[in-house]
2 protein chains.
Amino acid sequence: MPRKHIFFDIDNTLFPTSHFLERADENAINAMISKGLRCDFKRALRELQAILKEKGSNFTGHFDLLVKRINGKRDTKIVAAGIMAYHNTKNAMAPYPEVPVVLMRLRDMGHCLHVASEGVEIKQWDKLLRLGLDMYFDKVHVTKKKDRTFYEKILKSEKLKGKECMMVGDRPDKDIIPAMQAGMYGIRVKRGKYAKEKGKSDKEIKDLRELPNIIEKL
Amino acid sequence: MPRKHIFFDIDNTLFPTSHFLERADENAINAMISKGLRCDFKRALRELQAILKEKGSNFTGHFDLLVKRINGKRDTKIVAAGIMAYHNTKNAMAPYPEVPVVLMRLRDMGHCLHVASEGVEIKQWDKLLRLGLDMYFDKVHVTKKKDRTFYEKILKSEKLKGKECMMVGDRPDKDIIPAMQAGMYGIRVKRGKYAKEKGKSDKEIKDLRELPNIIEKL
């Protein structure tokens, strides 16, 4: 097969994002309780989830509001302890175990690897650096919304044809279907909370270990 | 001696701030060079210092501007690597070696310990938590500017008299003189870049180990 451009989603494709975000929240809650948040773990988690739902994930004062609601007043020491524990957990994040070996194999096969991700470019590079995966990728493409237009823009800016490219991700709605609409080959990793969702793809895999063989046979 | 309220400055009093900030910048530069910043260490450090001087320390785009100036274009991967190395260094910060033992001794003696600091309250708690010193302090008082008014406000809000209080810090202009003007006892730690500066104080010490004895004799 000729040199291919392979695009990867990051969250829940290269590493178990949901897993780490949950652990980060849990560790933050335990740290806040140890510094004076006056409730048990279960109630704090329930309240935090309510705040996340109410305010959205871009709100920056989740812990501050949590402390205020539970203790009846603001307490910057407790909030600082929560933020520190949250970031310490996030700093410990690691890729799915097969990922580094597979990415290296794909590079050795002569392919060019990209990231195609929803979010802010510097934050995605930060994730790749923390995961120790930055060296495998030539470029990070970001967008506010992963739709057909996003994948078409990538093809145009990189001067590529859809048939030279494949997209690998866990979400049919954001990774696979719009990439296929733009002419790419869509490989769906059936893992995490979207594993059972319906949606067409060119190929379904359980984890990334199957990728080199699939690409070789194309 | 009756129960005293002892106020501490944080930076360069409880831990060698300048030392860690310099290491953080140096580690950030090395990380950025390893990810593609096209210059040697010395030039990068010189350029960064120029940017810090030009833009001030509250500017948030130092590394971004550095990469743009040296490589001729923005590169979020390099910037992300710099920011990560910077924070990893800051996360490793530790107090001056004698500090935890002295603070514990002062607590055992029945004194009440506070922080009196320029900055944002949550950031100061974050420092104390990272330094492992948060448990020694009852309260963090912050201000934009450490002048006489700041110390007078503390006395008023805590319902304390100046003679019940002492302030410990490295800076004559911000820690010692204005606290003494407000009626506190001023103990100057002669350490770091202000060690040679002139300025009166009630007592001068070389490090915090002398504190318990001084306070006992008052």
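Note that the coordinates shown come from a computational prediction; the quantities given were computed from them, not determined experimentally.

### Things to note about the interface of chain A and chain B
Accessible area lost upon the coming together of the parts serves often as the stated size of an interface. Listed per partner, the contact involves 17 residues of chain A and 17 residues of chain B. In total, chain A and chain B occlude about 1,600 Å² of area from one another, counting both sides; carbon and sulfur atoms represent 66% of this. Between chain A and chain B we count four salt bridges in total. Close ionic contact of K77 of chain B with D134 of chain A constitutes a salt bridge, the shortest N to O distance being 3.7 Å.

### Some points on unusual backbone geometry
With a phi close to 55 degrees, K159 of chain A is a non-glycine residue in the positive phi region. Here K159 of chain A lies in the loop between α7 (148–157) and β4 (165–169).

### As for the domain arrangement of chain A
All names here are of chain A. By domain assignment, chain A separates into domain 1 (5–16 + 96–217) and domain 2 (18–91). Averaged C-alpha coordinates put domain 1 and domain 2 at centres separated by 32 Å. Across the boundary between the two partners, domain 1 contributes four residues, which contact five residues of domain 2. Summed over both sides, the interface of domain 1 with domain 2 buries roughly 380 Å², with 45% coming from carbon and sulfur.

### Regarding the relation of the copies chain A and chain B
When chain A is fitted to chain B, the best match, at an RMSD of 0.0 Å, comes from turning it 180 degrees and sliding it 0.0 Å along the axis. Those values place the two copies in the arrangement expected of a two-fold rotation axis.

### Remarks on the environment of G169 of chain B
Considering the arrangement of structural elements, one finds G169 of chain B in strand β4 (residues 165–169). In sequence terms G169 of chain B and V142 of chain B are 27 residues apart; their C-alpha atoms lie 14 Å from each other.

### Brief notes about the sheet that holds strand β2 (residues 112–118) of chain A
Residues and elements named next belong to chain A. Strands sit in the order β3-β2-β1-β4-β5-β6 across an open sheet of six strands; the sheet is parallel. In this open sheet, the two edge strands, each paired with only one partner strand, are β3 (139–143) and β6 (203–205). Each neighbouring strand pair of the sheet contributes to a mean axis angle of 25 degrees, computed without reference to strand direction. Pairing analysis gives four bridges linking strand β1 (residues 5–8) to β2, with the strands arranged parallel.

### A short note on the pattern of salt bridges
Tallying each qualifying case throughout the model produces 39 salt bridges over all chains. Note that R74 of chain B and D64 of chain B form a salt bridge whose closest N and O atoms lie 3.3 Å from each other. Pair noted here: R74 of chain B is in the loop between α3 (62–71) and α4 (76–91) and D64 of chain B is in helix α3, with a separation of 10 residues, a long-range link. Classification of R74 of chain B by relative accessible area gives exposed; the value is 52%. Relative accessible area serves as the criterion here: at 22%, D64 of chain B is assigned to the partly exposed category. With a closest N to O distance of 2.7 Å, E152 of chain B and R148 of chain B form a salt bridge. Taken as a pair, E152 of chain B and R148 of chain B lie in helix α7 (residues 148–157) at a separation of four residues, close to a single helical turn. In this structure E152 of chain B comes out as partly exposed when scored by relative accessible area, which is 35%. Within the structure, one salt-bridge network assembled from shared partners comprises D9, K146 and D175 of chain A.

### A closer look at the packing of helix α1 (residues 17–34) of chain B against α3 of chain B
Residue and element names in this part refer to chain B. The contact between α1 and α3 brings their axes to 12 Å, and the two run at 45 degrees. On the basis of their axis angle, the class for α1 and α3 is oblique. Along this stretch, α1 crosses α3, giving a crossing that reads as right-handed. Of α3, the residues touching α1 (which contributes D25, A28 and M32) are F63, L66 and V67.

The rules we used
- Residues numbered from 1 in each chain as written.
- Chains lettered and ligands numbered in written order.
- Predicted model: local features only at pLDDT ≥ 70, side-chain atom pairs only at ≥ 80, totals over all residues.
- Heavy atoms only, no water.
- Contact = heavy atoms within 4.5 Å.
- Buried area = accessible area lost by both parts, 1.4 Å probe.
- Salt bridge = Lys/Arg side-chain N within 4 Å of Asp/Glu carboxyl O.
- Helix = DSSP H or I, 4+ residues; strand = E, 2+ residues; numbered from the N terminus.
- Domains from an automatic or database assignment.
- Least-squares fit on C-alpha atoms with pLDDT ≥ 70 in both.
- Pairing = 2+ DSSP bridges.
- Axes fitted to C-alpha atoms, helices over the stretch in contact; angles between N-to-C directions.
- Buried < 20%, exposed > 50% of the residue type's maximum accessible area, 1.4 Å probe, protein only.
- Parallel < 35°, antiparallel > 145°, perpendicular 65-115°, else oblique.
- Left-handed = near helix turned anticlockwise from the far one by under 90°.

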